[in-house]
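Residues per chain, in single letters:
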Amino acid sequence: MITEEIFALWSPEPRVFVLDEVQGVHVVRGSIHPARIVLMAVGVLAVFGVLIAWPVIDSAGEYFFALAALVAPPMVGSTSRALTPRTLHLVGHHLGVQVTMFSSSDMLMFGQVKRALMRAFEARSRSMDRRDLAGYDEAFRKLNQVL
């Protein structure tokens, strides 16, 4: 749940962040899965192997094998990317301590949560500006402290 006041999560563990206490929210990308790095290295070696062997290829079977060696690495790479997506993290400082506020490997969900949080910060900023202009800011702060 994201409002002008709070950012609350129930999963994997319940946590509530008061937006006034959060600063410096930014996105951190998780590390790449080691299998993707190995597959990329194997793909590069396969392409170099085909390039080196190209002058001696003379039969249809060898051309088919060379074509397969060139096409397979990108296909395997895109499959591994879909099966092992990077995790994205929303990281910020809450009461002076760096915390991971939200994490997801689902790009769509992560983007929606990030956008909602940024909109909440913007709305909070606009409402604070309106209270300052109306002269109610000090009274509002005192009321919040009492409650």
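Data block above holds the structure.
As the structure is a computational prediction, the values presented were derived from the model and not from experiment.

## A closer look at the overall build of the chain
Next, step 1: In terms of regular secondary structure, the chain is built from 4 helices and 5 strands.
Next, step 2: N-terminal to C-terminal, the α/β element order of the chain is β-β-β-α-α-β-β-α-α.
Next, step 3: For the chain, buried positions account for 23% of its 147 residues.
Next, step 4: Taking as baseline every contact in the chain between residues at least 6 positions apart, the subset at least 24 positions apart corresponds to 55%.
Next, step 5: For the chain, the computed accessible surface area is about 10,400 Å², with 66% contributed by carbon and sulfur atoms.

## Focus on the packing of helix H1 (residues 34-53) against helix H2 (residues 60-83)
The description of two helices packed together rests on the angle between their axes and the distance between the axes.
Next, step 1: H2 packs onto H1 with a crossing angle of 165° between their chain directions and a minimal axis gap of 9 Å. In terms of axis orientation, H1 runs roughly antiparallel to H2. Seen from above, H1 lies across H2 with left-handed handedness. Along the contact surface, H1 presents Arg36, Leu39, Gly43, Ala46, Val47 and Val50, while H2 presents Ala66, Ala69, Leu70, Pro73, Val76, Ser80 and Arg81.

## Some words on H2
Next, step 1: With 24 residues, H2 should cover 34 Å at 1.5 Å per step; its first-to-last C-alpha distance of 34 Å lies within 8% of that length.
Next, step 2: Of all the bends in H2, the greatest reaches close to 25° and is centred on Val71; the proline Pro73 follows between one and four positions later.
Next, step 3: Every buried residue belonging to H2 is among Ala66, Ala69 and Ser80, and all of these are buried.
Next, step 4: Taken together, the buried residues of H2 touch H1.

## Concerning the pairing of strand S1 (residues 6-9)
Next, step 1: The pairing of S1 with strand S2 (residues 15-18) spans 4 bridges and is antiparallel. When the bridges of S2 are listed, Phe7 appears paired with Phe17.
Next, step 2: Following S1, the chain reverses through 5 residues before pairing antiparallel with S2.

## A look at the sheet that holds strand S4 (residues 88-94)
Next, step 1: One open sheet accounts for 3 strands, arranged S3-S4-S5; its pairing is antiparallel. With one partner strand each, in any of the chains shown, strand S3 (22-29) and strand S5 (97-104) form the two edges of the open sheet. Each neighbouring strand pair of the sheet contributes to a mean axis angle of 25°, computed without reference to strand direction.
Next, step 2: Relative to S5, S4 is paired through 7 bridges, and the arrangement is antiparallel. Each bridged residue has a counterpart across the sheet, and for Leu90 the counterpart in S5 is Phe102.

Parameters at a glance
- Residues numbered from 1 in each chain as written.
- Predicted model: local features only at pLDDT ≥ 70, side-chain atom pairs only at ≥ 80, totals over all residues.
- Heavy atoms only, no water.
- Helix = DSSP H or I, 4+ residues; strand = E, 2+ residues; numbered from the N terminus.
- Buried < 20%, exposed > 50% of the residue type's maximum accessible area, 1.4 Å probe, protein only.
- Contact = heavy atoms within 4.5 Å.
- Areas by Shrake-Rupley, 256 points an atom, 1.4 Å probe, with all protein chains shown as cover.
- Axes fitted to C-alpha atoms, helices over the stretch in contact; angles between N-to-C directions.
- Parallel < 35°, antiparallel > 145°, perpendicular 65-115°, else oblique.
- Left-handed = near helix turned anticlockwise from the far one by under 90°.
- Expected span 1.5 Å × (residues − 1).
- Bend = angle between axes of the 7 residues up to and from the residue.
- Pairing = 2+ DSSP bridges.

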